[in-house]
Structure formats: structure tokens, C-alpha cells
Amino acid sequence: MLSVSDILKKENFSLEDIVALLSSSKEDRSLLFQTSAKVKEENVGNIVYFRGLIEFSNICSKNCYYCGIRKDNKNVKRYNLSDDEIIEAARFAWESNYGSVVLQGGELESESFTVRIENLLRRIKEISNGELGITLSVGEQSYDVYKRWFDAGAHRYLLRIESSDKELYYKIHPLDDMHRFERRLQALYDLKSAGYQVGTGVMIGLPFQTLEHLAADLLFMKEFDIDMCGMGPYIEHTDTPLWENRGMLIPLEDRFDLALKMIAVLRLMMKNINIASATALQAIDPIGREKALKIGANIIMPNITPGMYRDDYKLYENKPCTDEEAADCKNCLEARIHMSGNKIGYNEWGDSLHFNEKK
Ligand code: SAH
Ligand code: SF4
């Protein structure tokens, strides 16, 4: 078997190479992180771009086994921001010189939902003189819907594959028509054809998940040729079916460590994509996101959802900053990012260099 330092010299990693990198400890892990930090600096620079995250609604028609806002969870107070509240949050992002916003919410499929998002996209463009970049993250939709939203001004889309292994996918989703693995894949291809910069990702440290699964996920991302990635640790939630399998979980610190390694290895495999530092990292370590920015991530999504709603958008427990207003977050984030040795790319879209290069 190759040593970690030999693997790090290779152009392309095999599944076995990736598993070896993901299992590295101590000096080998430091070497991995040093190498990925260097590759980041050389290819995307030490600039972090902000995407103001607006969690506009926790109403969802799906029942993913891991998620706290799944449809069948009756212990959630459902909310839906008004259009004006969403526009105000976007205005806050623009006035704070964040280059972009992300509209994220539960998954709904209907003409009225499509029209609502279309109008919101147009209004956000209007109030920001076309300056705010917009990422959408509202799940699986038809090609036509993706296209309409693209035409209305969205240019990036986040849809995690959650797991590229079909068997594992169905361990974490119901096996029914609402949750088909093939549909998820198709949706990713449709997003690409509709013209988006496409982001995907997985949860790390799920029950039933092995290092081979995670290595295959990274190879899937490379093969699909993604433009962006958002991946973070899985964090169990009491009111979900996967809570029953919590006995199988590795400790939170190990999930955190594995998530950092996943980010580092992906940075080596896809040098100029955008990699987000997931909020879930901060739920485990108070400076978790900054650690990810140091070793490979270059995007951060400050939560700008109005404070009163944040407590109800709990995909997982121990979610950070749910009691803060957006402005507090801004000040504390700036200091943290400078601490991590990065600069902030204010007023810039910070598009995926990888996407631009393909064009
Ligand atoms: N409904 C949309 C967007 C909201 S969910 C969608 O599903 O795409 C956004 C992401 O939150 C999901 O892709 C999932 O990977 C993550 N998530 C959900 N529950 C989680 C949990 N318990 N721990 C960590 N991440 C979770
Ligand atoms: Fe709904 Fe997304 Fe949660 Fe699944 S992960 S239940 S689609 S909000």
C-alpha cells in the first residue's frame, strides 16, 4: 500500500487512495491538510465569499429520515416567511456587501410555489440593481421549473446527492416515489443542462456509512464534474427515524475530523471548485467553519434568516446562532475569517472558477 505522502503526489486518486487519506491520523493528517491548504491558495486564493443564507420556510413535503423538518415530524412549528421578509433579508445582504444570497427551504412542488420563487428572484434582482448573486436550494424539481428559475435570475443551485450509493440512499430515505434515487440524479443533470453552477454534497458520519461510501461520493463528484460542494457532518435529531440508529454513530469529534478530511481531499481532486464550509461544522466545534476555511473551503453561508424564525429551522440539533440577529453574526464572522488567514470577497459573486473555465 502507498504511503500518504506518496498518494499526495499522485494526479488522480483511486478509491483505495481516498480511503487511505480519510483514515490518516496525526502527521499524515497534518500533511494532508498542509497540502490541501496550499492547493487552495494556489487555485482559488485565500478569499472567502459570503452567501447570505435565507431559510425562508420549513414546510416540506418530504420525509428524509435524517431531517428535523421532515413532513411527518409533528413537533415542529411550521413557518413561511412573507415575500417582504425575504426581500428585507436580501436587502440586508446587499447593504452588508455580501455578494450573494441563498434561498433555502423545504421541498415543495407546485405551480404556485414555482411562481412565488420566480417573483422573489425578480424582486431580489430589482432591489439590488442586479448585483446580488442568487443560489437556490429547494430540492428536486422538473427541468422546466429549473429553467424558469434560471431565467428569472438564479444562477447557482445546491442539491446534495446525500449519498451516491443507492443502497445507502434508501437507508436514509423512504423507498417510495417521493424519494427516488434516480430522480435525484436526474435533477442534478437537469440543473446542469438548465445552465446552473451545480453544487452537491453528502452528510458525513451517517449510520451505515463506510469510508468506502465516502470515497465513492468524492469520485462521484469528480465524475459528475460539479462546480460547487457543500458537505458537513451528520448530526442526529431526536424527532427523526434515524435517531433509532444513533448507537451506530461514530463520536461527533470523529465525524468532524472526517468532514475536514473530506473537504481537504476534494480540494485536491477538484482544485478550482467552490467548497462551502457547512454550518453543521460549527454545531460541533465553535470554530469549525474557520478550520474548514483554512484547509480547503472558500465559501461561507452566514445565516441572515430573521432571528425569530431561526429556532424553527432545525434540520439537526445544536444548530449555532439560532438566537442571534443577522447583524451580530456579521461582526463575529468578519473577525473569525481574518483569524483563519483569509480575506473576505465583499461585493463579489465569487462564481465557481471551475464553471467559468468550462464555459
Ligand atoms: N429541502 C432542501 C434544502 C434544505 S435541506 C433539500 O433537501 O435539498 C439542506 C441539507 O441539510 C440537506 O441536503 C441535508 O444534507 C442537510 N441535513 C438535513 N438533515 C441533517 C442532519 N440531521 N444533519 C446534517 N445535515 C442535515
Ligand atoms: Fe425536506 Fe430537505 Fe429536510 Fe428532506 S432534507 S425533509 S427535502 S428539508
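Our structure is the block above this text.
Residues numbered from 1 in each chain as written. Chains lettered and ligands numbered in written order. Predicted model: local features only at pLDDT ≥ 70, side-chain atom pairs only at ≥ 80, totals over all residues. Heavy atoms only, no water.

(A) Just the site of ligand 2, in detail. Taken together, C60, K62, C64, Y66, C67, I69, R70, G106 and E107 form the complete shell of residues around ligand 2. Split into classes, the residues belonging to the shell around ligand 2 amount to five nonpolar, one polar and three charged. (Near = heavy atom within 4 Å. Nonpolar A, V, L, I, M, F, W, Y, C, P; charged D, E, K, R; others polar.)

(B) Structural detail: the packing of aromatic side chains. For the structure shown, the criterion picks out 13 aromatic pairs. Geometrically, the ring pair formed by Y146 and Y196 is edge-to-face, given 6.3 Å between the ring centres and 75° between the ring planes. Taken together, the residues span a long stretch of sequence, with Y146 in helix α6 (residues 143-151) and Y196 in the loop between α8 (181-194) and β5 (197-200) at a distance of 50 residues. Each member of the pair, Y146 as well as Y196, is classed as buried. For the pair F150 and Y196, a centre-to-centre distance of 5.2 Å together with 70° between the ring planes defines the contact as edge-to-face. (Phe/Tyr/Trp six-rings, centres within 6.5 Å; stacked < 30°, edge-to-face > 60°. Helix = DSSP H or I, 4+ residues; strand = E, 2+ residues; numbered from the N terminus. Buried < 20%, exposed > 50% of the residue type's maximum accessible area, 1.4 Å probe, protein only.)

(C) The site of ligand 1, seen in detail. In the neighbourhood of ligand 1, 15 residues make up the surrounding shell, with Y66, G105, R160, E162 and I235 lying closest. Take Y66: an N or O atom from its main chain is 3.0 Å from a nitrogen atom of ligand 1. Interatomic distance of 3.4 Å between a backbone N/O atom of L315 and a nitrogen atom of ligand 1. Relative to its unbound accessible surface of 540 Å², ligand 1 loses 93% to contact with the protein. Class assignment of the residues belonging to the shell around ligand 1 gives a composition of nine nonpolar, three polar and three charged. (Polar contact = N/O pair within 3.5 Å; in protein donor to acceptor, adjacent residues only side chain to side chain. Areas by Shrake-Rupley, 256 points an atom, 1.4 Å probe, with all protein chains shown as cover.)

(D) The arrangement of unusual backbone geometry in detail. Of note, the phi angle at N129 is positive, near 50°, even though the residue is not glycine. If you trace the backbone, N129 turns up in the loop between α5 (111-127) and β3 (133-137). Residue classification places N129 among the exposed residues on the basis of a relative accessible area of 58%. Backbone geometry at D225 places phi at a positive 65°, although glycine is not the residue there. Looking at where D225 falls in the secondary structure, it is placed in the loop between α9 (211-224) and β7 (228-233).

(E) Inspection of the pattern of salt bridges at higher detail. Considering all chains together, one arrives at 24 salt bridges under this definition. The closest approach of N and O atoms between R148 and E118, which form a salt bridge, is 3.2 Å. With a gap of 30 residues between them, R148 in helix α6 and E118 in helix α5 connect regions that are remote in the sequence. Judged by relative accessible area, which is 27%, R148 ranks as partly exposed. For E118, a relative accessible area of 11% corresponds to the buried category. Several salt bridges share partner residues, and in doing so they unite K62, E107, E140, E162 and R184 into one network. (Salt bridge = Lys/Arg side-chain N within 4 Å of Asp/Glu carboxyl O.)

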